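# Survey of secondary and tertiary structure
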Amino acid sequence: MYWTYLRRELSGRKKQTAIVAIGMSIAVALVIIVNALSAGVSDAQAQALESVYGVGTDLTVTGAQAEPGEGGGPRFDFDEEGGQIGDDGTTTLTQSRLTTDMMRGTLDASTLDSVTAIDGVAAASGALSLTNMTFSGELPQAPGDAAGTDGTQQQMPQGDQGGGQSGGGGFGGGSFGVDSFSVLGIDPGDTSVGPLSAVTLSEGRALESADAGTEVAVLDATYAASADLAVGDTMDIGGATFEVVGLVASASSDADTASNVYIPLDVAQELSGAGDVVSTIYVQAASSDQISAVQTALQEELPDATVSSQADLASTVSGSLSSAGSLITNLGTWLSIIVLVVAVALAVLFTISGISRRTRELGTLKAIGWSNSRVVGQVAGESVVQAFIGGVAGVVLGLIGVTIINVVAPTISSAPAAFGGQTGPGGGSGDGGGPGMGGGGFGTIAQTATDIVLHAPLSLWIVVAALLLAVVGGLVAGAFGGWRAAKLSPAEALRAVA
Amino acid sequence: MTIIDQSVADAAAAPAVPAYRLAGVVKTYRQKGREVRALAGVDLEIAAGDFVTIQGPTGGGKSTLLQLLGALDVPTDGHVLIGEADLATASRGDLERVRAREIGFVFQAFNLIPTLTAAENVAMGLEPLGLQPADRDIRVTDALARVGLSDRGDHRPGELSGGQQQRVAIARAIAKQPQVLLADEPTGNLDESMRDEILGVLEGLNAGGLTLIVVTHDSAVARRARRRLRLDRGTIRDITR
């Protein structure tokens, strides 16, 4: 008779049952959607980080951040013999420079040995982050200057005229610009840790140990397409001619690799003039339990360096992915909690008012021999079933919401700070940088922007947990109702309605 | 003074245990801030198998007395014995057991559950006994048959007349095979023909040995009883002639 009575009671008060169920279903659906989105954002963040730091990188070690005012812009010096003069007297200038990140210091290459020797480190590799900047432009023949018929060079503006100048140096009509692409010098013999651990070879070959000291390059497939380069072509990097031997693509179809170009580390060090240094050391811990201990040990061993974990790196992710993450974590979570509390409160209120309405009925049941516990159990059961109905409806609603998100698959941008550090303002003009270098250049160039498709993965435990939440809500409401029913004296109940 | 049923006391057979023995029963309760003294020292014996009516003015304590007899409440003072068990000192669990097995209750307003059928309402009275479904169904069928409603088991209260609803309530009360049937104004909401119908059912049950105690305003009902009591301002007296 328990289930018969329960079923008939809920059918008899459909409106109340519907209100409680709707409230609970909205709460449960929100919990499922918010949790799924949170998981999706975490996956997207991991994906964004993987494209930069590779699979299996637990920690990164980078140099100390430069103080404001330190570091200078790249210099493009053109001597009297620089440039080529055309028939019309126009001078064409072009020069490439390979430079490190001015806003962050480098690490001595021997630091890699210190890192590898730390207990708990399974693998480590170093890389040198560089930017290849190519200055190219044309200067028209200066008015009043002798025609360059004998091929002699006209006077050129010196590089120490200070930054901020752009366009032709005082004669008008000239034009010049700066192109850049990112270059990563890596150890060709060890790509198990670091950015190249998260790529697939799409054409040609990867860098090998034998490539050390040779001017060969592997390109990011997307960059190669935009620069119209293919395997077998040559390209200018830092003034040297490199042969393209392979193309790589990110393991994620929605993100690019960490750099446009990959060259052997020793070649990168020599061409940039940086010396025997690296900018980032990628570290893989022996197990996830040891990450924290390894991070501490590294920080003690290298007090001047910055040691970052995945969580620290995740905080560097900017762009709309970061905003989405904050929105879901803060607003989404609080909204779920508030709606759940309101739904449970509704259930409690309706249950208690139901007890008041059923005073005679419950008093009669006690009078004909029903025990207190039996009456309380009946009332609680009605609340739990009401909430469970809402929970099931909420699961369906949540699944629909998650399916819609996965079908729409919104694309959001993310910009994890590549090359191990936060990006900073662009090159300064400390010792008189080249003309036309303007602020903000290096900082924005150094950031790798990727578009990530946001999914909302669903796991069974989220669905079960959300359903359990609804049941618990019903139990809470049932407890309040049961308490009221238990207090009901049959004699008073029957007197009250006599 | 204890009111004793003399006719039973004179019986040649060995004296049976009375269905009820009340000694010095007092009941007070608070209502709207005032203390109400519903029963002021009631002494009473009701023999097993008797048909007793309790009459009296409104507010005289009739319903209170019925609730004490029905183990719905406990006296403020005194003793209420049903068989050998003293309800005045019984625990809540004991009172629940007495209500579940020994006492059947019929209310003026029938107090049926409107969402359940007649058969299901009768079955609700058997829930506390924990019977197997087959045994429960047999008792339900038997109870409905005894009140003449075998063909109305699947009807809801809203589909039955007042008299039929009261018969369902009686079936619910007797399905558990109680010692005593207590009825609080069982014909109060019924017209004359239905009243006679219900009284006929109750008399038939009493004839089968069921102790019947009826609270009523209706003299026509009271006249059908073997013994008549009057409760006025908390005190009781026998008015049987």
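Residues numbered from 1 in each chain as written. Chains lettered and ligands numbered in written order. Predicted model: local features only at pLDDT ≥ 70, side-chain atom pairs only at ≥ 80, totals over all residues.

### Here we look at the overall build of chain B
Scanning chain B from terminus to terminus reveals eight helices and ten strands. Looking at chain B residue by residue over its 241 residues, the buried ones come to 50%. Sequence separation of 24 or more characterises 71% of the internal contacts of chain B that already satisfy a separation of 6 or more. (Helix = DSSP H or I, 4+ residues; strand = E, 2+ residues; numbered from the N terminus. Buried ≥ 20, exposed ≤ 12 C-beta atoms within 10 Å, placed from the backbone. Contact = placed C-beta atoms within 7 Å.)

### Focus on the overall build of chain A
Helix and strand counts for chain A stand at 13 helices and 16 strands. Within chain A, the proportion of its 498 residues that are buried is 46%. Pairs at least 24 apart in sequence give 88% of the contacts found in chain A among residues at least 6 apart.

### Quick look at the sheet that holds strand 3 (residues 51–55) of chain B
All names here are of chain B. What the six strands build is an open sheet, ordered 6-7-8-3-9-10; its pairing is mixed. Because the sheet does not close on itself, it has two edges, and the strands there are strand 6 (103–106) and strand 10 (235–238). In this sheet, adjacent strand axes meet at a mean angle of 20° when their direction is disregarded. Direction of pairing for strand 3 relative to strand 9 (residues 227–232): parallel, over a ladder of four bridges. (Pairing = 2+ DSSP bridges. Axes fitted to C-alpha atoms, helices over the stretch in contact; angles between N-to-C directions.)

### With respect to the nonpolar core
The biggest cluster of nonpolar side chains holds 124 residues, and the ones touching the most others in it are Val28(A), Ile32(A), Ala466(A), Val122(B), Ala171(B) and Leu181(B). At 16 residues, the largest contribution of residues to this core is made by helix 2 (residues 14–53) of chain A. Not counting the four nearest positions on each side in its chain, Val28(A) is found in contact with Gly390(A), Gly391(A), Gly394(A), Val395(A), Gly398(A), Ala466(A), Leu467(A), Leu469(A) and Ala470(A). (Core = buried A, V, L, I, M, F, W, Y, C linked by C-beta atoms within 7 Å.)

### Quick word on the confidence of the model for chain B
Residue and element names in this part refer to chain B. On average, residues of chain B score 87 in pLDDT, and 93% of them reach the 70 mark or higher. Scored below 50 in pLDDT, residues 8–13 shows two contacts in the model against residues more than four places distant or in partner chains. Across the whole predicted complex the pTM is 0.63, and at the interface the ipTM reaches 0.87. (pLDDT = per-residue confidence, 0-100.)

### Thoughts on the packing of helix 4 (residues 118–126) of chain B against helix 6 (residues 162–174) of chain B
All names here are of chain B. The contact between helix 4 and helix 6 brings their axes to 7 Å, and the two run at 30°. In this structure, helix 4 meets helix 6 at a crossing whose hand is right-handed. Note on element contacts: helix 6 touches helix 4 through Val168, Ala171, Arg172 and Ala173, opposite Ala118, Asn121, Val122, Met124 and Gly125. Residues that form the contact of helix 4 with helix 6 fall into these classes: six nonpolar, two polar and one charged. (Left-handed = near helix turned anticlockwise from the far one by under 90°. Nonpolar A, V, L, I, M, F, W, Y, C, P; charged D, E, K, R; others polar.)

### Description of the interface of chain A and chain B
Opposite the 17 residues of chain A that make contact, chain B presents 21 residues. Those elements giving two or more residues to the side of chain A that touches chain B turn out to be helix 1 (2–12), helix 9 (359–367) and helix 13 (490–496) of chain A. Residue contributions to the side of chain A that touches chain B peak at five residues, all from helix 1 of chain A. For the side of chain A that touches chain B, the per-class residue count stands at eight nonpolar, five polar and four charged.

### Overview of the sheet that holds strand 2 (residues 34–46) of chain B
Residues and elements named next belong to chain B. Strands sit in the order 2-1-4-5 across an open sheet of four strands; the sheet is antiparallel. Two strands bound the open sheet, and with one partner strand each, they are strand 2 and strand 5 (85–86). When strand 4 (residues 77–82) meets strand 5, the two strands line up antiparallel, connected through two bridges. Bridge assignment links Leu81 to a residue of strand 5, and that residue is Asp86.

### Quick look at helix 2 (residues 62–69) of chain B
Helical geometry note: an α-helix holds 3.6 residues per turn, so side chains three or four residues apart project in the same direction. All names here are of chain B. Across the eight residues that make up helix 2, a large majority, eight, are buried. Residues of helix 2 that are buried: Lys62, Ser63, Thr64, Leu65, Leu66, Gln67, Leu68 and Leu69. In the stretch just after helix 2, Ala71 is the one whose phi turns positive, near 60°.

### Digging into unusual backbone geometry
Most peptide bonds adopt trans geometry, and most residues besides glycine take a negative phi value. Residue and element names in this part refer to chain B. One non-glycine residue with positive phi stands out, namely Phe110, at about 70°. Tracing the backbone through its elements, the reader meets Phe110 in the loop between strand 6 and helix 4. For Phe110, a count of 22 C-beta atoms within 10 Å puts it in the buried group. The backbone of Arg233 shows a phi angle near 50°, a positive value even though the residue is not glycine. Among the structural elements, Arg233 can be located in the loop between strand 9 and strand 10. Classification of Arg233 as partly exposed rests on a count of 13 C-beta atoms within 10 Å.

### Notes on the environment of Ile198(B)
All names here are of chain B. Within the fold, Ile198 resides in helix 7 (residues 192–207). Considered as a pair, Ile198 and Gln164 are 34 residues apart in the sequence and their alpha carbons are 8.9 Å apart. When residues no more than four places from it in sequence are discounted, the contact partners of Ile198 are Gly163, Gln166, Arg167, Pro186, Thr187 and Leu190.

### Regarding helix 6 (residues 291–301) of chain A
All names here are of chain A. Where helix 6 is concerned, the buried positions are Val294, Gln295 and Leu298. All buried residues of helix 6 fall inside an arc of 105° around its axis, so they share one side. Along its buried surface, helix 6 packs onto strand 1 (59–62), helix 3 (111–116), strand 5 (121–139), strand 13 (280–285) and strand 14 (306–309). (Arc of directions from axis to C-beta.)

### Some words on the pairing of strand 4 of chain B
All names here are of chain B. The sheet contact formed by strand 1 (residues 20–31) and strand 4 spans five bridges and is antiparallel. When the sheet's bridge partners are listed, Arg21 is paired in strand 4 with Leu81. Between strand 4 and the antiparallel strand that follows it, strand 5, lie two residues; Gly83 among them carries a positive phi value of about 65°.

### Regarding the packing of helix 6 of chain B against helix 7 of chain B
Residues and elements named next belong to chain B. Two elements in contact, helix 6 and helix 7, have axes whose closest approach is 9 Å; the angle formed by their N-to-C orientations is 15°. The pairing of helix 6 with helix 7 is recorded here as roughly parallel in orientation. Of the two elements, helix 6 crosses helix 7, and the hand of that crossing is right-handed. Across the interface between the two elements, Gly162, Gly163, Gln166, Arg167, Ile170 and Ile174 of helix 6 pack against Met194, Glu197, Ile198, Val201 and Leu205 of helix 7. Of the residues that constitute the contact of helix 6 with helix 7, the class distribution is six nonpolar, three polar and two charged. (Parallel < 35°, antiparallel > 145°, perpendicular 65-115°, else oblique.)

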